[in-house]
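In case you want the letters, here they are:
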Amino acid sequence: MEQVLTPFARPLYIMTKPAGSSCNLACEYCYYLEKKKLYKDASADRRHVMSDDMLERFIKMYIESQSMPQILFSWHGGETLMRPLSFYKKVIELQKKYGGGLVIDNSIQTNGTLLTDEWCRFFKDNNWLVGVSVDGPQEFHDEYRRNNIGAPSFHKVMRGINLLKKHGVEWNALAVVNDFNADYPLDFYHFFKEIECRYIQFTPIVERIIPHTDGRTLASPMDAHDAPLADFSVSPAQWGEFLCTIFDEWVKNDVGQYFIQLFDSTLANWAGVQPGVCTMARTCGHAGVMEFNGDVYSCDHFVFPEYKLGNIREKTLVEMMYSDRQQKFGTDKYDSLPGQCRRCKYLFACNGECPKNRFTVTADGEPGLNYLCEGYYRFFEHVAPYMDFMKNELDNQRPPSNVMNARF
Ligand SMILES: C[S@@+](CC[C@H](N)C(=O)[O-])C[C@H]1O[C@@H](n2cnc3c(N)ncnc32)[C@H](O)[C@@H]1O
Ligand code: SF4
Ligand code: SF4
Ligand code: SF4
């Protein structure tokens, strides 16, 4: 394989799918479940699980690709706990074998339903960060997060979260905001406070439906701009209202106590530092995805044939992640912005959000505007005075939580 030098010191991230898109649930809005259709006639392992040989190749290569002394492995799915604990014990062994003196961290994303004492002990002993998906109180969560015969999952998830807490495992919550729960922002937010979840990520659900010949039904960004929206998508107005309502409570009571990724990232952009969530960053392309068989894609939301970068049996991660194609994928986020965004006073905070969601037209008919624009614009208008205040506190080495005592 051709040797490519790492062009600059920056972590190279890969989200790894050790069970492919296999899952014990069948959440109605899931963008990942149907990825199994990409592999249905492949000669690859029909069970869609990563072989030991592939795992070893990946861990060795991932460690060798890094130019920084800390390395983060991110285990993702599908459902990560569909692999046995022995698989992850092997991960630890291989990380030790190839890691030298480097600091290696692991994070794992799960639906939480399969957690046991044994899993939690493993996560605690090895210091893994566990992300659990929970969409708020039971009636919101169970609206869409069910298995393939319609059985709800909320109670199993809560049992899992309680086990994580019992064992003192570090965990955070990932929640999606959809057409249903978006109308109840405070019930939703209070739920996370009640379960003592301090780190919360909200992701808006935006999907469009378009049938593909291989049986997939979700649209890729390359598909027609007029593909109909999936019913479970949040509307732009709902999204704006949802964010503003939660922000009002957070900014009065919870700054420095509860960490809401989108609010923290907004403040980061206000202060001119790199935001923690890719959707608000100026460029894409920092985190690729690797499927069970070694196929690498540009981003977790771009696992479509047209965004495949190659396979680690044939190319190195450095070759793929620093390829011209991936660099272009990254800079296209800015370069493809429509005029309305380029002229927008909140471009520095929004950056046009995720390119996957840019399928509407601007006020003057130019394509490529983000579907959620109206919601984001309203949110930025609403939070601007508070963000200005918090930025000023940061500039003067004072805690942004002083905003809670300020008058506006
Ligand atoms: C695909 S799942 C994989 C890991 C694991 N099975 C879980 O549910 O946490 C990762 C995250 O994506 C979220 N998600 C699923 N479908 C989505 C969609 N269409 N848009 C945005 N996020 C979505 C899930 O709620 C979950 O938090
Ligand atoms: S649990 Fe995760 S992977 Fe499984 S269907 Fe739900 S969102 Fe998708
Ligand atoms: S395409 Fe969207 S999800 Fe992917 S890196 Fe860019 S902003 Fe993030
Ligand atoms: S708020 Fe709307 S116009 Fe402004 S940058 Fe974001 S998507 Fe573009």
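Cut-off values and rules
Residues numbered from 1 in each chain as written. Chains lettered and ligands numbered in written order. Predicted model: local features only at pLDDT ≥ 70, side-chain atom pairs only at ≥ 80, totals over all residues. Helix = DSSP H or I, 4+ residues; strand = E, 2+ residues; numbered from the N terminus. Rg over C-alpha atoms; globule rule 2.2 N^0.38 Å. Buried ≥ 20, exposed ≤ 12 C-beta atoms within 10 Å, placed from the backbone. Contact = placed C-beta atoms within 7 Å. Near = placed C-beta within 6 Å. Nonpolar A, V, L, I, M, F, W, Y, C, P; charged D, E, K, R; others polar. Pairing = 2+ DSSP bridges. Core = buried A, V, L, I, M, F, W, Y, C linked by C-beta atoms within 7 Å. Axes fitted to C-alpha atoms, helices over the stretch in contact; angles between N-to-C directions. Parallel < 35°, antiparallel > 145°, perpendicular 65-115°, else oblique. Left-handed = near helix turned anticlockwise from the far one by under 90°. Expected span 1.5 Å × (residues − 1). Arc of directions from axis to C-beta.

### Some remarks on the overall build of the protein chain
Here comes step 1: Of the regular secondary structure elements, the protein chain holds 13 helices and twelve strands.
Here comes step 2: In terms of overall dimensions, the protein chain is globule-like: its C-alpha atoms have a radius of gyration of 21 Å, near the 22 Å expected for 408 residues.
Here comes step 3: Dimensions of the protein chain, computed from C-alpha atoms along their principal axes, come out at roughly 60 × 50 × 50 Å.
Here comes step 4: When the 408 residues of the protein chain are sorted by exposure, 43% land in the buried category.
Here comes step 5: Residue pairs in contact within the protein chain that sit at least 24 positions apart in sequence constitute 70% of those at least 6 positions apart.

### As for the site of ligand 2
Here comes step 1: Near ligand 2, the surroundings consist of C23, L25, A26, C27, C30, Y32, L33, G77, G78, E79, N111 and S133.
Here comes step 2: A per-class count over the shell around ligand 2 returns seven nonpolar, four polar and one charged.

### A word on the sheet that holds strand β4 (residues 129–133)
Here comes step 1: Spatially, β7-β6-β5-β4-β3-β2-β1-β8-β9-β10 is the arrangement adopted by the ten strands of the open sheet, whose pairing is mixed. On the outer flanks of this sheet lie β7 (259–260) and β10 (308–311), each paired with one strand and no other.
Here comes step 2: Note: strand β3 (residues 103–110) against β4, four bridges, orientation parallel. Looking at the pairing, T110 lines up with V132 of β4.

### A short note on the nonpolar core
For soluble globular proteins, nonpolar side chains are generally found buried alongside one another.
Here comes step 1: Core analysis: the largest hydrophobic core is formed by 102 residues, its most contacted members being V130, V177, V296, Y297 and L317.
Here comes step 2: Other than its neighbours up to four places away in sequence, L317 contacts L12, I14, M61, Y62, S65, V296 and I312.

### Observations concerning the site of ligand 3
Here comes step 1: Residues in close proximity to ligand 3 include C278, T279, C284, C299, H301, F302, K333, C354, P355 and K356, which together make up its full environment.
Here comes step 2: Tallied by class, residues from the shell around ligand 3 come to six nonpolar, two polar and two charged.

### Quick look at the packing of helix α1 (residues 52–65) against helix α2 (residues 85–99)
Here comes step 1: Across the interface, α1 lies against α2 with an axial gap of 9 Å and an inter-helix angle of 40°. With respect to α2, the element α1 is oriented oblique. The hand of the α1/α2 crossing is right-handed. Facing D52, L55, E56, I59, K60 and I63 of α1, the residues of α2 in contact are K90, V91, L94, Q95, Y98 and G99.
Here comes step 2: For the contact of α1 with α2, the class distribution of residues is six nonpolar, two polar and four charged.

### A closer look at the packing of helix α8 (residues 261–271) against helix α13 (residues 373–395)
Here comes step 1: Two elements in contact, α8 and α13, have axes whose closest approach is 9 Å; the angle formed by their N-to-C orientations is 65°. Crossing of α8 over α13 shows right-handed handedness. Together, T266, L267, W270 and A271 of α8 and V383, M387, M390, K391 and L394 of α13 make up the contact between the two elements.
Here comes step 2: Considering only residue class, the contact of α8 with α13 consists of seven nonpolar, one polar and one charged.

### As for α2
Here comes step 1: Taking 1.5 Å per residue, 15 residues should reach 21 Å; α2 reaches 21 Å between its end C-alpha atoms and fits that length.
Here comes step 2: Those residues of α2 not exposed but buried are Y88, V91 and Q95. Down the axis of α2, the buried set is contained in an arc of 35°. They therefore lie on one face. α2 presents S86, K89, E93, K96 and K97 as exposed residues on the side facing more than 90 degrees away from its buried surface.
Here comes step 3: Lining the buried residues of α2 we find α1, β3 and α3 (117–125).

### Comments concerning unusual backbone geometry
Here comes step 1: In the segment running from G77 into G78, the intervening peptide bond is cis, with an omega of 10°.
Here comes step 2: Structurally, G78 is set in the loop between β2 (70–75) and α2.
Here comes step 3: The phi dihedral of E353 falls on the positive side, at around 45°, and the residue is not glycine.
Here comes step 4: With respect to the helices, strands and loops of the structure, E353 is situated in the loop between α12 (347–350) and β11 (360–361).
Here comes step 5: Since 22 C-beta atoms lie within 10 Å of it, E353 is described here as buried.
Here comes step 6: Although it is not a glycine, Q397 sits at a positive phi angle of roughly 55°.
Here comes step 7: Its 6 C-beta neighbours within 10 Å are what place Q397 among the exposed residues.

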